[in-house]
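The lines below spell out each chain.
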Amino acid sequence: MQYLKTIFWVLVALIFALFVSANNRAVELTIWGDQKMAIAIWALIVIVFTIGFLPTMLYYRAKVWRLKRRLELTERNIAQAPLTPPPPSAPPRTAAPQPSSPFESQ
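These notes cover the structure that comes with them. What you see is a predicted model, and the numbers here were worked out from it, not measured in a lab.

For strand β1 (residues 26-30), the buried fraction is low: zero of the five residues fall into the buried class. As judged from the five bridges shared by β1 and strand β2 (residues 36-40), these two strands associate in the antiparallel manner. What sits directly across from glutamate 28, in β2, is alanine 38. In sequence, β1 turns back onto β2 through a hairpin of five residues, with glycine 33 there showing a positive phi of about 55°.

Here it is, written out as structure tokens:
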């Protein structure tokens, strides 16, 4: 499975390199009033993608961390709990045979 992961990341790097080479021109952004900044389009897109992706990734990582803590706490509680034997079961009750008709009991 490691080779699939390697192939995936090589493809992602190749696609990113093609994207950068196709979009290697600068654009001018107006920040405030007369302040302007020149930045490559590909860098701007990567920055915006990162700004959008980062909160989602942080939320996911926090959720995984919280679930792992809960799982470890539960496992620790199970390990510390004393093993109690099951309650003894009552012996089966044997009932006296019931008469099938009211005239048999006489």
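Here the narrative resumes, following the displayed structure.
It is worth spelling out the pattern of salt bridges at this point. Per the counting criterion, the structure on display carries one salt bridge. With a shortest N-O distance of 3.6 Å, lysine 36 and glutamate 28 are connected by a salt bridge. Comparing lysine 36 with glutamate 28 shows no difference in burial state: the two are exposed.

Conventions adopted
Residues numbered from 1 in each chain as written. Predicted model: local features only at pLDDT ≥ 70, side-chain atom pairs only at ≥ 80, totals over all residues. Heavy atoms only, no water. Buried < 20%, exposed > 50% of the residue type's maximum accessible area, 1.4 Å probe, protein only. Helix = DSSP H or I, 4+ residues; strand = E, 2+ residues; numbered from the N terminus. Pairing = 2+ DSSP bridges. Salt bridge = Lys/Arg side-chain N within 4 Å of Asp/Glu carboxyl O.

These values are about where atoms sit, not about what they do.
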